[in-house]
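Structural overview for review
Here is what each chain is made of, one letter per residue.
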Amino acid sequence: MFFSSKHLKEILVLDIGTASVNAILARRAAETGLEVITSSRLGLKLLENPDFKSMWRYVKEALAGIFSALRKDGERVRPDFIFVVFSSPWYLSQTRIIRLERPQAFTVNSKLLEEMISDELRLFIQKSQEKFQLSYEGIYILEHDVMKATLNGYPVRQAVGKKARELELCLFMSLSRRELMEELQSILEHWFGRCPVKISSSSLELFRILSERLDAEEGFLLADVGGEITEISLVHGRIIEEVLTFARGGHFIVRNLASNLGIGMEEAFALLRSKTRGELKDSLDKKVAAVLEAVGKEWFRLFAQAVSELGRTRPLPQNLVLVGGAAGLEVLKKFSGSEELSKFTILGRPFSIITLLPENLESSFKFGNIDRKDPQMTLPLLLSLAAEKYVQ
């Protein structure tokens, strides 16, 4: 539990990726779950050669546009809790197994756990400095979470106060740029005043919420197909074992569609939406399908490399969950369920592909203005469920 829910009424959820910024303003309702008051989505400018600085500038513009739209009759919306979730590449994550073994049994206390975690966080920051090209002080820890603790080889819910000779912690950590996080905090305070804010990573939050719906012991693969990046998380034994990314997402498909058809990127984006909805005429549909097939093969090549890397030591879980703005594309679903990947799965069969639509979450929501068939709203809705956990 993160914040007391005694007086909490409205939750603002912000889903920040590289293709769009999604916002959901929801009200907690005891009988119907979360009631969506309003939702908004602004796409980020599709760049020929995206860079971190430019993408962040467009994120800030999208936030300003969304927050302006949230104002009612010139008055500020005042959420009681703001939950911000970043997708890759806005953060870097790592899972570490920390072990402590002594000849004689020792009592696990909070100070011991804090010291073990602190040492790992320090090493994580030091190793990440080169990737971000920042000083130690320029890095911001988003979160750290002990996903599992074992004493003498047996999992325990609470290790503190217990005796053991062997202690093992499975620790998930994520970090980002301090400059960006502090700028975000200033933006939120400007628009909404002072209120509780939680900033997290999509890897951890999706793991938590999907583990309630899927078998986290047997595990699953989670592929978050964003605008510029596809991030794949391997969940097994109730932990995030490993996270891999590759630089191909929905925008890669749009750029190739524009290039092959000799059209602008905005037109290509609109064409892709029409294709997904089955609205294209036969002749144009065939042209678009041919391009998507070729582009899908390139995405699949990198996806297969990641799957091979994740499956290097043992077979992978059978279930593959696709989320993100481009996850609804049939061509990606077709390739990710390819027979070629059967050799990596626990059953020796193609992955069982799981895609969720808003309508699959109806038992937890009162939807308001959200299209129940829109796959782009699935991720922010799942993150809204994660947000609710912090205020219960």
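Residues numbered from 1 in each chain as written. Predicted model: local features only at pLDDT ≥ 70, side-chain atom pairs only at ≥ 80, totals over all residues. Heavy atoms only, no water.

This part is about the sheet that holds strand 13 (residues 319-323). The five strands lie next to each other as 12-11-10-13-14, forming an open sheet whose pairing is mixed. Since the sheet does not close on itself, it has two edges, and those belong to strand 12 (239-246) and strand 14 (352-355), each with one partner. In this sheet, adjacent strand axes meet at a mean angle of 20 degrees when their direction is disregarded. Alignment of strand 11 (residues 230-236) against strand 12, held across seven bridges, turns out to be antiparallel. Across the sheet, Thr-230 pairs through a bridge with Phe-246, a residue of strand 12. With respect to the sheet, helix 7 (residues 282-310) is in contact with strand 10 (220-225), strand 11, strand 12 and strand 13, its orientation differing from that of strand 12 by roughly 150 degrees. (Pairing = 2+ DSSP bridges. Helix = DSSP H or I, 4+ residues; strand = E, 2+ residues; numbered from the N terminus. Axes fitted to C-alpha atoms, helices over the stretch in contact; angles between N-to-C directions. Contact = heavy atoms within 4.5 Å.)

Along the chain, Ile-232 falls in strand 11. Overall, Ile-232 belongs to the buried group, its relative accessible area being 0%. Through-space distance from the C-alpha of Ile-232 to that of Ser-363 is 27 Å; in sequence the pair is 131 residues apart. Setting aside residues up to four positions removed in sequence, Ile-232 forms contacts with Leu-221, Leu-222, Ala-223, Glu-242, Val-243, Leu-244, Phe-246, Phe-303, Ala-306 and Leu-310. (Buried < 20%, exposed > 50% of the residue type's maximum accessible area, 1.4 Å probe, protein only.)

This part takes up the packing of helix 4 (residues 202-210) against helix 9 (residues 378-389). Where helix 4 meets helix 9, the axes come as close as 9 Å, and the angle between the chain directions of the two elements is 80 degrees. Of the possible angle classes, the one that applies to helix 4 and helix 9 is roughly perpendicular. In this structure, helix 4 uses Glu-205, Leu-206, Ile-209 and Leu-210 to contact helix 9, whose residues at the interface are Leu-379, Leu-382, Leu-383, Leu-385, Ala-386 and Lys-389. (Parallel < 35°, antiparallel > 145°, perpendicular 65-115°, else oblique.)

Time to look at helix 4. Among the nine residues of helix 4, eight are classified as buried, and the element is accordingly described as predominantly covered. Listed as buried for helix 4 are Ser-202, Ser-203, Leu-204, Glu-205, Leu-206, Phe-207, Ile-209 and Leu-210.

Under the defined criterion, the tally for this structure stands at ten aromatic pairs. Clustering of aromatic rings is evident, with ring pairs tying together Phe-52, Trp-56, Phe-86 and Trp-90. Cation over ring: Arg-102 sits above Phe-106, and NZ or CZ is 4.8 Å from the ring centre. Over the ring of Phe-252 we find Arg-248; its NZ or CZ atom is 4.6 Å from the centre of that ring. (Phe/Tyr/Trp six-rings, centres within 6.5 Å; stacked < 30°, edge-to-face > 60°. Lys NZ or Arg CZ within 6 Å of the ring centre and 35° of its normal.)

What follows is about the sheet that holds strand 5 (residues 92-107). Sheet architecture is open: four strands sit in the order 5-8-6-7, paired in antiparallel fashion. Two strands bound the open sheet, and with one partner strand each, they are strand 5 and strand 7 (154-156). Going from strand to strand, the sheet's axes swing by 35 degrees on average, the running direction of each strand aside. Relative to strand 8 (residues 163-177), strand 6 (residues 139-151) runs antiparallel, the two sharing eleven bridges.

This paragraph deals with helix 5 (residues 250-261). Look at helix 5: 17 Å from first C-alpha to last across twelve residues, which is about the 16 Å you get at 1.5 Å a residue. For helix 5, the full list of buried residues reads Gly-250, His-251, Phe-252, Ile-253, Val-254, Arg-255, Leu-257 and Ala-258. As for helix 5, its buried residues are in contact with strand 10, helix 6 (265-276), helix 7 and helix 8 (330-336). In the segment just after helix 5, Gly-262 is the residue with positive phi, at about 65 degrees. (Expected span 1.5 Å × (residues − 1).)

Looking now at the nonpolar core. Ranked by internal contacts, the top residues of the largest apolar core, which has 41 residues, are Leu-221, Ile-232, Phe-303, Val-307, Leu-316, Leu-332 and Leu-341. Elements with a minimum of two residues in this core: strand 10, strand 11, helix 5, helix 6, helix 7, strand 13 and helix 8. Considering each element in turn, this core owes the most residues, twelve residues, to helix 7. In contact with Leu-341, not counting residues within four places along its chain, are Phe-300, Phe-303, Ala-304, Val-307, Phe-335, Ser-336 and Phe-351. (Core = buried A, V, L, I, M, F, W, Y, C linked by side-chain atoms within 4.5 Å.)

Turning next to the packing of helix 5 against helix 6. Viewed as axis vectors pointing N to C, helix 5 and helix 6 meet at an angle of 110 degrees, and their least axial separation amounts to 8 Å. It follows from the interaxial angle that helix 5 and helix 6 lie roughly perpendicular. On helix 6, the residues touching Ile-253, Val-254, Arg-255, Leu-257, Ala-258 and Leu-261 of helix 5 are Met-265, Ala-268, Phe-269, Leu-271 and Leu-272. Residue classes in the contact of helix 5 with helix 6 are distributed as ten nonpolar, no polar and one charged. (Nonpolar A, V, L, I, M, F, W, Y, C, P; charged D, E, K, R; others polar.)

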